[in-house]
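As a plain string of letters, each chain reads:
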Amino acid sequence: MEPENLEECAHCSKSTTPSNTPKWRRDFPIEWEGDHYVSRREMVKFLTLGSLLITVGNWITVAIGRVRPREVSVAGGRYVGSAAALDQMGSILFRFPTDNDPCIAVRAADGKIHAYSQVCTHLSCAVVYDKRENALVCPCHRGYFNIEEGMPMAGPPTRALPRVLVQQEGDKLFATELLV
Ligand code: FES
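Draft legend 1. Looking closely at the pairing of strand β5 (residues 102-107). Most of β5 sits out of view: five of its six residues are buried. Counting the residues that bridge the hairpin from strand β4 (residues 91-95) to β5 gives six residues. As paired strands, β5 and strand β6 (residues 113-117) are joined by five bridges and run antiparallel to one another. Paired with Ile104 across the two strands is Tyr116, which belongs to β6.

Draft legend 2. Highlighting the state of the cysteines. For the coordinates displayed, the defined rule picks out one disulfide. Between the sulfur atoms of Cys125 and its disulfide partner Cys140 the distance amounts to 1.9 Å. Classification of the bridge connecting Cys125 and Cys140 rests on its S-S torsion, roughly -90 degrees, and on that basis the disulfide is left-handed. Of this pair, Cys125 sits in the loop between β6 and β7 (128-130) while Cys140 sits in the loop between β8 (135-138) and β9 (143-146), placing them 15 residues apart in sequence.

Draft legend 3. Broad picture of the pairing of β4. Judged from the five bridges that link them, β4 and β5 form a sheet pairing that is antiparallel. In the strand pairing of β5, Ser91 is matched with Val106.

What counts, and where the lines are drawn
- Residues numbered from 1 in each chain as written.
- Predicted model: local features only at pLDDT ≥ 70, side-chain atom pairs only at ≥ 80, totals over all residues.
- Heavy atoms only, no water.
- Buried < 20%, exposed > 50% of the residue type's maximum accessible area, 1.4 Å probe, protein only.
- Helix = DSSP H or I, 4+ residues; strand = E, 2+ residues; numbered from the N terminus.
- Pairing = 2+ DSSP bridges.
- Disulfide = S-S within 2.5 Å.

All we've got here are geometric facts, nothing functional implied.
Structure (structure tokens):
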């Protein structure tokens, strides 16, 4: 049989006699378990609010990116290649705005030069020019982009390729701006 005057220890839930409990604890009883208790309702409320804030933040970021295209320009432009080489090969590869950014320039059927980032907007494989299809094609998942605007036409990509503005000076082509 247990003694009647047992008290419960605040830390370990073991029964202790009042004589084992320090005087300061008896004078200032703190409900430790109640203090750390988080109800299921509070947890659900916290998670819902957190998810909502993240979702709204993502929407705002996407909206800003769509409304205001970023531009990267290089003073004086960057040499792409010769117009003659482009006419001969149909497309040429170059790097813009840095050496780490592969791009592709294509002479379209209408005679205009169109240039884009070569990085597929799906999962970043390199797109290539397919003359027969008259399209930029990503070999990874058969993504197709049209030559005139870089817009996705088929396959998984949903965003256009970033366009590179190219200027021609005589036979020389220079990339001047990247529109992201
Ligand atoms: S990486 Fe280009 S279609 Fe998937």
